[in-house]
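Coordinate inspection notes
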Amino acid sequence: TCGQNLPQRRIHTLERNVMSVSAYVFVETTTGKAREVNAAVSQIAGVVRCNTVTGPYDVIALVEAEDVRQLGDFVVSKIQATPGVLRTMTNIVAD
């Protein structure tokens, strides 16, 4: 039915143009662990950029995922599981 008459090449193009979601993840670390957490988080697939910063948070990571559900799973299973991470706050990019 719907989509059966589309050429095969068109179907592949549609599959590759999946929308993604970007977010900034603000990370609070245990005392003295900011640089170690930054180094570990920056190596995780899906992290676009990661920096050690000053202020109420110690590390900020720009991450990308296919959708909000995958983003949530990513933050919990990868970033929050990193040794030295106390808590995170995720802010989805709106533009």
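Provided above is the structure to which this section pertains.
Residues numbered from 1 in each chain as written. Predicted model: local features only at pLDDT ≥ 70, side-chain atom pairs only at ≥ 80, totals over all residues. Heavy atoms only, no water.

Quick word on the overall build of the protein
Scanning the protein from terminus to terminus reveals three helices and four strands. Secondary structure elements of the protein, listed N to C terminal, follow the sequence α-β-α-β-β-α-β. Here the protein holds 95 residues, and 24% of them are scored as buried. When the accessible surface of the protein is split by element, carbon and sulfur atoms take 52% of a total near 6,800 Å². (Helix = DSSP H or I, 4+ residues; strand = E, 2+ residues; numbered from the N terminus. Buried < 20%, exposed > 50% of the residue type's maximum accessible area, 1.4 Å probe, protein only. Areas by Shrake-Rupley, 256 points an atom, 1.4 Å probe, with all protein chains shown as cover.)

Re helix H2 (residues 34-42)
Buried within H2 we find Ala34, Val37, Asn38 and Val41. Looking straight down H2, one finds its buried side chains confined to an arc of 105 degrees; they lie on one side. Facing away from the buried side of H2 by more than 90 degrees, the exposed set consists of Arg35 and Glu36. On its buried face, H2 is in contact with strand S1 (21-29), strand S2 (47-52), strand S3 (59-65), helix H3 (68-79) and strand S4 (85-92). (Arc of directions from axis to C-beta. Contact = heavy atoms within 4.5 Å.)

As for the sheet that holds S3
The antiparallel open sheet is built from four strands, whose spatial order is S2-S3-S1-S4. Only two strands of the sheet have a single partner each, and these edge strands are S2 and S4. The average undirected angle you get between the axes of adjacent strands in this sheet is 20 degrees. The pairing of S1 with S3 spans seven bridges and is classified as antiparallel. The partner of Ala23 across the bridge, within S3, is Val63. Here H3 sits on the sheet in contact with S1, S2, S3 and S4, set at roughly 165 degrees to S4. (Pairing = 2+ DSSP bridges. Axes fitted to C-alpha atoms, helices over the stretch in contact; angles between N-to-C directions.)

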